[in-house]
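# Structural characterization, general
Residues per chain are reported as follows:
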Amino acid sequence: MLRFEWQPFLTRWSQEWADAYNVEQDARDDDRDAWAARWLGFGPATEERIVALEQRIGRSLPPSLRSFLQVTDGWRHAGRFVYLLAGAERIDWCGDPHGMSRDWLEELGEDADEEEIREAGVWARSLQLALDSDMVDVLLDPEDVDDRGEWAVYTYASWRGAPPERHPSFRHFMEDMYEEFLSVSADNPGFDNDTTRSLDAGVDAARSPSAVTLDCRVRSGG
């Protein structure tokens, strides 16, 4: 079974974030701890904790999220606007507490097509991964599944004035958030590394950070 090697990617992201972090201006204690450790993650989730999550939600996790949790049980600063992604004990169904699916369906009206209706229902059926953010939902959709068993991730921020943005998998979501981090950090004086230099040079392979930082291996197991 194809398993994503998260550790090199997440280590590099963490180190680049620590290089861009302004310890004198940014005063959050948790961020200072991450900066000192040069690690945006946490300890790995135990197999027991992951199995407990799967039993609680009544489904097997998509492969890239499951292997991610085996490396780190949650994540700080996924991009610019998501400050904390949940670990195994706090991932749960969104439940649509603010009636977003209902409101979107009402706005669509009778002329909505199947894709628009399916998109509007994402809050009601998805897992919520964002614990702390700038009003951004990170929704893992169990009804949008590819042939590898990966669930699509939808991100939504009301202030963007746009429908939810689709990421084909949790892995793709994290790659997109890494690119967002690089884009924001590029404005910091002196922030320069191999990844940003590759992007500036227009290297096609650097379009996906996975080509630079996320190795894949064929291994047995999930």
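For the structure, check the block above.
For the structure given in this document, a descriptive report is provided here. (Residues numbered from 1 in each chain as written. Predicted model: local features only at pLDDT ≥ 70, side-chain atom pairs only at ≥ 80, totals over all residues. Heavy atoms only, no water.)

### Considerations on the overall build of the protein chain
Stated precisely, the cut-off is as follows: A helix here means a DSSP run of H or I that spans at least four residues, while a strand means a run of E at least two residues long, and both kinds are numbered starting from the N terminus. A simple rule labels every residue: compare its accessible area, found with a 1.4 Å probe on the protein chains alone, to the largest value its type can have, and call it buried under 20%, exposed over 50%, or partly exposed in between. Throughout, a residue-residue contact means that at least one pair of heavy atoms, one from each residue, lies within 4.5 Å. Using the Shrake-Rupley algorithm and a 1.4 Å probe, accessible areas are obtained, with residue cover drawn only from the displayed protein chains.
Helix and strand counts for the protein chain come out as 10 helices and 10 strands. Taken over 222 residues, the protein chain has a buried fraction of 45%. Put simply, of all contacts in the protein chain between residues at least 6 apart along the chain, 60% involve residues at least 24 apart. Summed over all atoms, the accessible surface of the protein chain reaches about 11500 Å², with 46% contributed by carbon and sulfur.

### Regarding the sheet that holds strand β4 (residues 92–93)
Put simply, the test is: In this analysis, strands are considered paired if DSSP registers two or more bridges between them.
On the basis of which strands lie adjacent, the open sheet formed by 5 strands has the order β4-β5-β7-β8-β9 and antiparallel pairing. Each of the sheet's edge strands pairs with one partner strand only, and the pair in question is β4 and β9 (165–167). Sheet topology note: the strand β7 (residues 136–145)/strand β8 (residues 151–157) ladder contains 7 bridges and is antiparallel. Bridging from a neighbouring strand, D141 pairs with A152 of β8.

### Details of the nonpolar core
The criterion, for reference: Side-chain atoms within 4.5 Å link the members of a nonpolar core, which is a set of buried Ala, Val, Leu, Ile, Met, Phe, Trp, Tyr and Cys residues.
By size, the foremost hydrophobic cluster in this structure holds 44 residues, and its most contacted members are L10, W13, L69, W75, L85, F170 and M174. Contributions of two or more residues to this core are made by α1 (6–20), α3 (47–57), α4 (63–69), β2 (75–78), β3 (82–85), β7, β8 and α8 (170–185). Top contributing element to this core by residue count: α8, with 7 residues. The residues touching W13, leaving out its near neighbours within four places in the chain, are L40, W75, H77, A78, G79, M174, M177, Y178 and F181.

### A look at unusual backbone geometry
Not every positive phi belongs to a glycine, and H77 is a case in point at roughly 55 degrees. Assignment of secondary structure puts H77 in strand β2. We note that D96 has phi near 50 degrees; this positive angle belongs to a residue other than glycine. Looking at the element boundaries, D96 is found in the loop between β4 and α5 (100–108).

### Some points on the packing of aromatic side chains
For clarity, the cut-off: Here is the rule: rings of Phe, Tyr and Trp (six-membered ring for Trp) pair when centre to centre is within 6.5 Å. Planes less than 30 degrees apart are stacked, more than 60 are edge-to-face, and the remainder are tilted.
Evaluation of the coordinates by the stated rule reveals 15 aromatic pairs. Measuring from ring centre to ring centre gives 5.8 Å for W6 and F170, while their planes differ by 55 degrees; the resulting arrangement is tilted. Of this pair, W6 sits in helix α1 while F170 sits in helix α8, placing them 164 residues apart in sequence. When its relative accessible area of 1% is taken as the criterion, F170 is described as buried. Note on F68 and F170: the rings are 4.9 Å apart at their centroids and 65 degrees apart in plane angle, and the pair reads as edge-to-face. Linking F68 in helix α4 with F170 in helix α8, this pair joins segments that are 102 residues apart in sequence. Given the relative accessible area of 1%, F68 is considered buried.

### Section: the pattern of salt bridges
Quick reminder of the rule: By definition, a salt bridge exists where a carboxyl oxygen of Asp or Glu is found within 4 Å of a side-chain nitrogen of Lys or Arg.
Enumeration according to the criterion identifies 12 salt bridges in this entry. One salt bridge connects E47 with R66, and the closest N-O pair in it is separated by 2.8 Å. Pair noted here: E47 is in helix α3 and R66 is in helix α4, with a separation of 19 residues, a long-range link. With a relative accessible area of 39%, E47 lands in the partly exposed category. Under the relative-accessibility criterion, R66 is labelled buried at 13%.

### Topic: the pairing of β7
Counting buried residues in β7 gives 7 out of 10 residues, a clear majority hidden from the surface. The antiparallel hairpin formed by β7 and β8 contains 5 residues in its connecting segment, where G149 sits at a positive phi of about 85 degrees.

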